[in-house]
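Residues per chain, in single letters:
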Amino acid sequence: MTPLLQVENIAKFYGARIGCTDVSFDLYPGEVMGIVGESGSGKSTLLNCLAGHLTPDRGAVRFDTRADGLRDTITMSEPERRMLSRTDWAFVHQHARDGLRMNVSAGGNVGERLMAVNARHYGDIRAEAIDWLGRVEITEDRIDDRPTAFSGGMQQRLQIARNLVTGPRLVFMDEPTGGLDVSVQARLLDLLRGLVREMNLSAIIVTHDLAVVRLLADRLMVMKDGHVIESGLTDQVLDDPQHAYTQLLVSSVLQV
Amino acid sequence: MSDYNFAYLDEQTKRMIRRAILKGLAIPGYQVPFASREMPMPYGWGTGGVQVSAAILTPDDTFKAIDQGADDTTNAVSIRRFFQKTAGVAVTEATKEASVIQTRHRIPEQDLRDDQILVYQVPIPEPLRFLEPSEVETRKMHSLEEYGLMHVKLYEDISQHGDIATAYAYPVKVEGRYVMDPSPIPKFDNPKLEMAGIQLFGAGREQRIYAIPPYTQVVSLDFDDYPFQPTKADHACDLCGAEDSYLDELIVDDAGGRMFMCSDTDYCTSRRKNGHVGAQGVPFKEDAA
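The shown structure was predicted, so the numbers you read here are calculated from the model rather than taken from an experiment.

Scoring rules and cut-offs
- Residue numbers run consecutively from 1 along every chain, following the written order of its sequence.
- Chains and ligands are labelled sequentially in the order written, the chains with letters from A and the ligands with numbers from 1.
- Only residues with pLDDT of 70 or above have their local features reported here, since the model is predicted, and side-chain atom pairs are shown and tallied only from 80 upward, although totals for entire chains, interfaces and linings are computed over all residues.
- Water and hydrogen atoms play no part in the side-chain values, which are based on all heavy atoms of the structure.
- Any two of the Phe, Tyr and Trp rings considered here, Trp counted by its six-membered ring, make a pair once their centres fall within 6.5 Å; the pair's planes then place it as stacked at under 30 degrees, edge-to-face at over 60, or tilted in between.
- Per the convention used, a helix needs a DSSP run of H or I reaching at least four residues, while a strand needs a run of E reaching at least two, with both numbered from the N terminus.
- Partly exposed describes any residue whose relative accessible area lies between the buried limit of under 20% and the exposed limit of over 50%, with all areas from a 1.4 Å probe on protein chains only and scaled to the type maximum.
- In this text, buried Ala, Val, Leu, Ile, Met, Phe, Trp, Tyr and Cys residues form a nonpolar core when linked through side-chain atoms within 4.5 Å.
- Here, residues are in contact when the closest pair of their heavy atoms is within 4.5 Å.
- For two strands to count as paired, DSSP must find a minimum of two bridges between them.
- Helix axes use the C-alpha atoms of the stretch in contact, all axes being lines fitted to C-alpha atoms, and the angles between their N-to-C directions lie in the range 0 to 180 degrees.
- Residue ranges assigned to the domains are those given by an automatic or database domain assignment.
- We define buried area as the total accessible area lost by two parts upon association, computed with a 1.4 Å probe and summed across both.
- Note on definitions: salt bridges are taken to be side-chain nitrogens of Lys or Arg within 4 Å of carboxyl oxygens of Asp or Glu.
- Two N or O atoms form a polar contact when they lie within 3.5 Å of each other; inside protein one atom must be a possible hydrogen donor and the other a possible acceptor, and for residues adjacent in sequence the pair counts only when both atoms belong to side chains.
- Gly is placed with the polar residues, together with every amino acid not listed as nonpolar (Ala, Val, Leu, Ile, Met, Phe, Trp, Tyr, Cys and Pro) or charged (Asp, Glu, Lys and Arg).
- Take the number of residues in a helix, subtract one, and multiply by 1.5 Å to get its expected span.
- By definition, the arc is the one covered by directions from the helix axis to the C-beta atoms.
- For classification, angles of less than 35 degrees are called roughly parallel, those exceeding 145 degrees roughly antiparallel, those between 65 and 115 degrees roughly perpendicular, and all remaining angles oblique.

1. Structural notes on the packing of aromatic side chains
Part 1: Tallied over the full model, the rule gives 15 aromatic pairs over all chains.
Part 2: Aromatic pair Tyr122(A) and Phe223(B): ring centres 6.0 Å apart, planes at 65°, arrangement edge-to-face. Of this pair, Tyr122(A) sits in helix α5 (residues 122-135) while Phe223(B) sits in the loop between β10 (218-220) and β11 (247-251), on two different chains. The pair formed by Tyr122(A) and Phe223(B) is uniform in burial state, with each residue classed as buried.
Part 3: On the basis of an interplanar angle of 75° and a centroid distance of 5.1 Å, the ring pair of Phe82(B) and Phe83(B) is categorised as edge-to-face.

2. What to know about the nonpolar core
As a rule of thumb, nonpolar side chains are buried together in soluble globular proteins.
Part 1: Membership of the largest hydrophobic core comes to 67 residues, with the highest contact counts inside it found for Val110(A), Leu158(A), Val171(A) and Phe223(B).
Part 2: Apart from the residues lying within four places of it in its own chain, the contact partners of Val171(A) are Ala90(A), Val92(A), Leu164(A), Leu201(A), Ser202(A), Ala203(A) and Ile204(A).
Part 3: Counting 30 residues, the second largest nonpolar core, distinct from the first, contains Ala54(B), Ile56(B), Val100(B) and Ile117(B).

3. Structural notes on the sheet that holds β10(B)
Residue and element names in this part refer to chain B.
Part 1: Judged by pairing direction, the sheet is antiparallel, and its three strands sit side by side in the order β7-β6-β10 without closing on themselves. Either end of the sheet is taken by a strand with one partner, and the two such strands are β7 (178-180) and β10. Strand-to-strand twist in this sheet, taken as the mean axis angle between neighbours without regard to direction, amounts to 30°.
Part 2: Sheet topology places strand β6 (residues 172-174) next to β10; three bridges connect them, and they run antiparallel. When the bridges of β10 are listed, Val-172 appears paired with Ser-220.

4. Concerning the domain arrangement of chain B
A common way to report how large an interface is uses the accessible area buried once the components associate.
Residues and elements named next belong to chain B.
Part 1: As assigned here, chain B comprises domain 1 (11-220) and domain 2 (232-280).
Part 2: Inter-centroid distance (C-alpha atoms) of domain 1 to domain 2 is 26 Å.
Part 3: On the domain 2 side, the residues contacting the 14 residues of domain 1 number nine residues.
Part 4: Both sides together, the interface formed by domain 1 and domain 2 hides about 890 Å², and carbon and sulfur atoms give 51% of it.
Part 5: Three residues stand out in domain 1 for area buried against domain 2, namely Arg-106, Glu-109 and Phe-188, and they jointly supply 49% of the buried area on that side.
Part 6: Taken together, domain 1 and domain 2 are joined by zero salt bridges.
Part 7: Linking domain 1 with domain 2 are eight residue pairs in polar contact (both at pLDDT 80 or more), by the criterion used here.
Part 8: Classifying every residue of the side of domain 1 that touches domain 2 gives five nonpolar, three polar and six charged.

5. Structural notes on the sheet that holds strand β5 (residues 69-72) of chain A
All names here are of chain A.
Part 1: Strand order in this open sheet of four strands is β2-β1-β4-β5, and the pairing throughout is antiparallel. The two strands at the open ends of the sheet, each matched to only one other strand, are β2 (17-27) and β5. Adjacent strand axes in the sheet meet at a mean angle of 20° when their direction is disregarded.
Part 2: In this structure, strand β4 (residues 58-65) lies alongside β5, joined through four bridges in antiparallel fashion. By the bridge assignment, Asp-64 is partnered in β5 with Leu-70.
Part 3: Across the face of the sheet, helix α1 (residues 43-50) comes into contact with β1 (5-14), β2 and β4 while running at roughly 120° to β1.

6. Remarks on helix α1 (residues 11-26) of chain B
Residue and element names in this part refer to chain B.
Part 1: Helix length check: α1 (16 residues) gives 22 Å between terminal C-alpha atoms against 22 Å at 1.5 Å per residue, within 8%.
Part 2: Within α1, the full set of buried residues consists of Thr-13, Lys-14, Met-16, Ile-17, Ala-20, Ile-21 and Gly-24. Buried residues of α1 fall within an arc of 160° about the axis and therefore sit on the same side. The outward face of α1, more than 90 degrees from its buried face, is lined by the exposed residues Gln-12, Arg-19, Leu-22 and Ala-26.
Part 3: Where α1 is buried, its residues contact β1 (32-33), α2 (47-56), β8 (198-203) and β9 (208-212).
Part 4: Where α1 begins, one side-chain oxygen reaches toward the backbone nitrogen of Gln-12, 3.3 Å away; that side chain belongs to Asp-10.

7. Quick look at unusual backbone geometry
All names here are of chain B.
Part 1: The phi dihedral of Gln-68 is positive, around 55°, even though this residue is not glycine.
Part 2: If you trace the backbone, Gln-68 turns up in the loop between β2 (62-67) and α3 (74-86).
Part 3: Residue class for Gln-68 comes out partly exposed when judged on its relative accessible area of 37%.
Part 4: Residue Gln-207 is not a glycine yet carries a positive backbone phi of 60°.

8. Digging into the interface of chain B and chain A
Part 1: Listed by partner, the interface residues are 21 residues for chain B and 22 residues for chain A.
Part 2: For the pair chain B and chain A, the summed buried area comes to about 1900 Å², and 56% of that belongs to carbon and sulfur atoms.
Part 3: The shortest N-O distance in the salt bridge between Glu146(B) and Arg82(A) comes to 2.8 Å.
Part 4: Broken down by secondary-structure element, the contributors of at least two residues to the side of chain B that touches chain A are α4 (135-143) and α5 (148-161) of chain B.
Part 5: Tallying contributions element by element places α5(B) first for the side of chain B that touches chain A, with nine residues.

9. A word on the packing of α5(A) against α5(B)
Part 1: Interaxial distance between α5(A) and α5(B) falls to 11 Å at its minimum, and their mutual angle equals 80°. Judged on the interaxial angle alone, α5(B) and α5(A) are roughly perpendicular. On α5(B), the residues that touch Tyr122(A), Ile125(A) and Arg126(A) of α5(A) are Tyr155(B), Ile158(B) and Ser159(B).
Part 2: Counted by class, the contact of α5(A) with α5(B) contains four nonpolar, one polar and one charged residues.

10. Side note on the pattern of salt bridges
Part 1: By the definition in use, this model includes 38 salt bridges over all chains.
Part 2: Between Arg86(A) and Glu146(B) there is a salt bridge, and its shortest N-O distance comes to 2.7 Å. Note that Arg86(A) is positioned in helix α2 (residues 78-86) and Glu146(B) in the loop between α4 and α5, a pairing that runs across two chains. Side by side, Arg86(A) and Glu146(B) carry an identical accessibility label, which is buried.
Part 3: One salt bridge connects Arg113(B) with Asp115(B), and the closest N-O pair in it is separated by 3.0 Å.
Part 4: With relative accessibility at 37%, the residue Arg113(B) sits in the partly exposed group.
Part 5: Taken together, the shared-partner salt bridges in this structure form one network comprising Arg129(B), Glu135(B), Arg205(B), Glu206(B) and Arg208(B).

Shown next as structure tokens:
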């Protein structure tokens, strides 16, 4: 089986400081990978390198393209990479305002990716937008409202709809539940888990919330100071942490 | 005889502008950066158009300037006089006699010939400006032909107003490649962008020149189920009776009285000279004001 994403020795430096280094892993179709670690451990740097937002200093990121099989996304041309990022890839930002157009209606936000791949029938675009808003539990009568009129949880759900509308195969998520209160978080996680299973999505989720990876991720990588210090099946890592830092991380979770 | 260099600008500047024009003609719809000069008029009054006109004028040219279709408004009169004074060229108000026509916000009703040049004054050359504020990003979008965002604007129009409400500066795609802002002409004029004459666009403050060569394909963007429609006031000209021209609405008193008249004054006048009279018009007299 070909991996969907093959990451080989990725390294990114900010001058003399390490962003992340020596990261390698394979991600298979339908698999969800969690990346945890404290602030400054390099998890967002890694995610941005994988998604093409940053150019790593070393290493290769190979993606299984529909047309030509595994291709290195770092050396491919910019138009190709941008095409990937609006068709086969999706990126869910921590702050919904980074991923949404705040002065465009919810329907326009969802429709943008469709129009970017040459959908030119208003009725079809709108029907698709209504369908997707429904899937993320936003009612149809909010379709012409701007995201500024939405609550934080709704904005995040809208961002997810906007990203998934073109049927991507790989979703990058940067703290998708950050800044939401726990009941809203729970509903969002439920929704994400459903969508991942239903659409057989592969996903890479960066978070510092261990409960989130416990629910969503099949596999887990723990990062500290730019290095991967432990990786394995989520349950295994969380229930039987080997590295001292992972043990600290797991035991730091507040019990209610 | 004039103390100015011919057409105000120095020869080096004119050469620089001509190079930008030639590049623009070679890549239809592409915005060519140029080193816009200070002109003796404020930005927004046609500094881009004036520089393009100055660069292409020859002593044998006949110059016409229109503002919203009219030859007799402040902007048109002062630009016309500017070139009369600095270039000493012949000027005219008749579209068919002019070889260079500088325009703000209209295309003349009369079809242009292949020996005529139309120069537009452009306030904002970037069609994606209000959708994507970063110029770095919009340039990248142009170079990679990523124009999905342009349709988002049209989508928003339909979802808010039930129809594409953009009535002027309606975005077009030139020769299947670049999306271009045709300057704030009414969308009624968009079909006329495919013409025999050369069209040059100058944006002075924004320092951009772009062009449409003769007989270039210019397509107004739309949706399959909401096709592009050029619109005008559903009325005939009250002065000359024309039903095919773009109309201005004029409030004539404070009791709700109004009249519609051609925005293209030359077109209206020449029709009246030929004996056409509209609903509120009077027969044309040569010495009438």
